[in-house]
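# Coordinate analysis (summary)
So the chains spell out like this:
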Amino acid sequence: MYSFKNDYSEGAHPRILQALVDTNFEQEAGYGKDRFTLKAGELLKEKMGRKDVDVHLLVGGTQTNLTVISAFLRPHEAAIAAKSGHIFTHETGAIEATGHKILSIETDDGKLTPVLIKKVLDEHTDEHMVKPKLVYISNSTEIGSIYVYKELKDLSEFCRKNSLLLFMDGARLGSALCSEESDLKLSDLPELVDAFYIGGTKNGALFGEALVICRELLKEDFRYHIKQKGALLAKGRLLGIQFVELFRDNLFFDLALHANKMAGILREQLTKGNFQFLTHSASNQLFPILPDKLIEELQKKYDFLIWEKMDGNDSAIRLVTSWATKEDEVLAFIEDIKKCLS
Ligand SMILES: Cc1ncc(COP(=O)(O)O)c(C=O)c1O
């Protein structure tokens with residue numbers, strides 16, 4: 001069995017494991033005050049060309065989302081998200097459990113726009129309803145689409161004009177920024193969003209997300225929020241070491257480029273085979289629509305998610321490539337499709 005199920009099926013890039021081994025017996029301060037975590041923060045600030053942002057390392061995506069959203073919002077305030085957004089569909093009500101409603105919006109491609117958000121604002125007019133205050137987006141989105149510079153700039157301007165906070169979930173930010181269709185750079189983000197995170201878990205780290213808080217008034221006491229949510233690791237060094245390794249050179253981007261390259265081969269070959277896709281994806285998640293019979297055959301050798309049943313005898317499946325996906329396996333998958341069809 002070879003898995004195209006997700007981008008966290010493998011452990012971690014060997015350089016990260018090696019760095020953990022090499023530093024194993026060094027004694028360090030706890031709770032993110034160690035020299036590796038401080039160094040990771042410096043490296044990230046350098047890559048962004050911004051000294052005035054705060055960087056915090058957390059363990060996972062859900063934990064980061066709920067810590068951020070509950071810290072940024074007052075009790076009556078709500079988050080706005082795409083209906084397909086991770087916080088709305090796949091986080092077990094974690095945001096709602098902190099007392100904040102998520103106002104969800106149906107989208108075609110997983111992306112929010114000013115027009116879509118305006119509709120929600122128009123529907124929430126007074127204190128008998130929650131007050132929309134934070135816009136949650138992810139890049140890439142849950143269905144593999146990405147935001148280009150102009151789209152993010154438009155969202156950013158709209159949010160500022162309407163006193164909304166803009167928060168970007170970057171669990172797959174590497175793949176989004178390294179997409180051939182992206183004109184966004186890491187250094188653009190502090191200008192455009194109030195906070196965002198850079199996902200390590202799905203891009204070669206054992207675990208870890210680097211949260212960047214860009215807006216001054218959101219920075220205060222954030223470590224208190226992290227600790228109160230049980231998210232301040234005593235051995236925070238384990239996060240620091242990993243992010244130093246990812247960002248001391250180009251490793252983070254190289255790994256994302258590899259995942260995208262593997263997805264690119266799948267996309268190209270499936271397109272050549274005249275298969276349709278559920279949605280246009282420019283990142284490492286693809287959603288081709290295949291006949292159910294073919295899916296059954298492929299499931300004998302490959303692991304992947306069946307995403308959505310279509311009309312007739314077809315279904316959309318989700319194929320995810322990772323920093324470690326083997327090109328030979330990608331080519332074998334394509335060959336197996338051809339064999340099944342011939
Ligand atoms: C966009 C996005 N955000 C957040 C998460 C949650 O991450 P975790 O499983 O580490 O809580 C995921 C996980 O798949 C994700 O895809």
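Up top you'll find the structure we're talking about.
Bear in mind that the values here come from a model prediction, so they are computed numbers and not experimental data. (Residues numbered from 1 in each chain as written. Predicted model: local features only at pLDDT ≥ 70, side-chain atom pairs only at ≥ 80, totals over all residues. Heavy atoms only, no water.)

## Some points on the site of the ligand
Close contacts around the ligand come from G60, G61, T62, N65, H86, E91, E142, D169, A171, R172, Y197 and K202, and that covers them all. In the model, a nitrogen atom of the ligand is placed 2.6 Å from a nitrogen or oxygen of the D169 side chain. Contact between the ligand and K202: an oxygen atom at 3.2 Å from a side-chain N or O atom of the residue. Element by element, the count of residues in the shell around the ligand is highest for helix 3 (residues 61-72), at three residues. For the shell around the ligand, a count of residues per class yields two nonpolar, five polar and five charged. (Near = heavy atom within 4 Å. Polar contact = N/O pair within 3.5 Å; in protein donor to acceptor, adjacent residues only side chain to side chain. Helix = DSSP H or I, 4+ residues; strand = E, 2+ residues; numbered from the N terminus. Nonpolar A, V, L, I, M, F, W, Y, C, P; charged D, E, K, R; others polar.)

## Concerning helix 11 (residues 251-272)
Taking 1.5 Å per residue as the helical rise, helix 11 with its 22 residues ought to reach 32 Å, and the 32 Å between its terminal C-alpha atoms agrees with that figure. Every buried residue of helix 11 is listed here: L251, F252, F253, L255, A256, A259, N260, M262, A263, I265, L266 and L270. (Expected span 1.5 Å × (residues − 1). Buried < 20%, exposed > 50% of the residue type's maximum accessible area, 1.4 Å probe, protein only.)

## Re the environment of H100
Checked against the element boundaries, H100 lands in the loop between helix 4 (86-89) and strand 4 (102-105). Overall, H100 belongs to the buried group, its relative accessible area being 4%. Each C-alpha atom, one on H100 and one on P132, is 10.0 Å from the other, the two residues being 32 residues apart in sequence. Apart from residues no more than four positions distant in its own chain, H100 is found in contact with S70, L73, R74, P75, E77 and I95. From its side chain, H100 meets the backbone oxygen of E77 in a polar contact 2.9 Å long. (Contact = heavy atoms within 4.5 Å.)

## Observations concerning unusual backbone geometry
That bond from N139 to S140 is cis: its omega, 0 degrees, falls within 30 degrees of zero. Examined against the element boundaries, S140 turns out to sit in the loop between strand 5 (131-138) and helix 6 (149-161). Residues other than glycine seldom take positive phi values, yet S163 does so here, at roughly 55 degrees. Looking at where S163 falls in the secondary structure, it is placed in the loop between helix 6 and strand 6 (165-169). Positive phi outside glycine occurs at D221, with the angle close to 65 degrees.

## A short note on the pairing of strand 8 (residues 209-213)
Of all the five residues making up strand 8, five are buried; the element is thus mostly covered by neighbouring parts of the structure. The two faces of strand 8 match: E209, L211 and I213 on one face and A210 and V212 on the other face are all buried. Note that strand 2 (residues 54-58) and strand 8 share five bridges and pair antiparallel. Within strand 8, the position partnered with H56 by the bridge is L211. When strand 7 (residues 195-199) meets strand 8, the two strands line up antiparallel, connected through five bridges. (Pairing = 2+ DSSP bridges.)

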